[in-house]
Amino acid sequence: MSQDYILQAQGLTKTFAGFTAVNGVNLDVRRHDIHALIGPNGAGKTTCFNLLTRFLNPTSGRIVYNGRDITNTSAACVADAGLVRSFQISSVFSGMSVLENVRVALQRATGLSTKFWLSERRLARLDEPARALLADVGLEADANRLAGSLPYGRRRALELATTLALAPDMILL
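Keep in mind it's a predicted model, so treat the numbers as computed, not measured.

Quick notes on the rules
- Residues numbered from 1 in each chain as written.
- Predicted model: local features only at pLDDT ≥ 70, side-chain atom pairs only at ≥ 80, totals over all residues.
- Heavy atoms only, no water.
- Pairing = 2+ DSSP bridges.
- Helix = DSSP H or I, 4+ residues; strand = E, 2+ residues; numbered from the N terminus.
- Salt bridge = Lys/Arg side-chain N within 4 Å of Asp/Glu carboxyl O.
- Buried < 20%, exposed > 50% of the residue type's maximum accessible area, 1.4 Å probe, protein only.
- Contact = heavy atoms within 4.5 Å.

Draft legend 1. Representation of the sheet that holds strand E2 (residues 19-30) within the structure. The strand order across the open sheet formed by 4 strands is E2-E1-E3-E4, and the pairing between neighbours is antiparallel. Every interior strand has two partners, whereas the edge strands, E2 and strand E4 (68-69), have only one. Pairing geometry for strand E1 (residues 5-16) and E2, over 8 bridges, is antiparallel. Its bridge partner lying in E2, Phe16 is registered against Phe19.

Here it is as structure tokens:
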């Protein structure tokens, strides 16, 4: 597989109890390009994303990300390597502010991701980068608003900000 591509799939197939949801997909995604996976409901788009990000195991085929075969790699390791995705169902911490949601995502890079009990003062160092990400997605004015009170489209923008906080090399939306 070529180093010109950030993500490649060869013969990617997924069968569920005799039903083939994804059949022999070949995919080459160049760095910095934007691609779309288009098809009707039930065409296998979500299953393909789940395979590429390793939320599902392929029945057959191979996946290479950044020159490394990830076909048998866990979803967590794939995300740690920089290939992340958003999901169809919105998932934010509804009872936390918009700023706190992004700050939680930023905590991962600092090694503080499991230390939710840290003082507000210690977490405040993440406020500036969190506000910058919120500005990038047009949510800066909503920073102190409860995430659960955002309309659906704004919640999706918040999810994008939390995804960007992971500093991925590639995002599947």
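Draft legend 2. Broad picture of the pattern of salt bridges. The final tally for this structure, using the stated rule, is 5 salt bridges. The partner of Arg145 in a salt bridge is Asp142, and the shortest N-O contact between them spans 3.6 Å. Take Asp142: its relative accessible area is 10%, and that puts it in the buried class. Asp142 is the partner of Arg154 in a salt bridge, and the nearest nitrogen-oxygen pair spans 2.5 Å. Taken as a pair, Arg154 in helix H6 (residues 152-164) and Asp142 in the loop between helix H5 (127-136) and H6 lie far apart in primary sequence, 12 residues in all.

Draft legend 3. Highlighting the side chain of Thr13. With respect to the helices and strands, the residue Thr13 is situated in strand E1. The residues contacting Thr13, other than those within four sequence positions of it, are Thr20, Val22, Asn23, Gly24, Pro58, Thr59 and Ser60.

Draft legend 4. Examining helix H1 (residues 45-52) more closely. Where burial is concerned, most of H1 is hidden: 6 out of the 8 residues are buried. Summarising the contacts, the buried residues of H1 are in contact with E1, E2, strand E3 (60-65), strand E5 (83-85) and strand E6 (170-172). Following H1 by one or two positions, Arg54 has its phi on the positive side, about 70 degrees.

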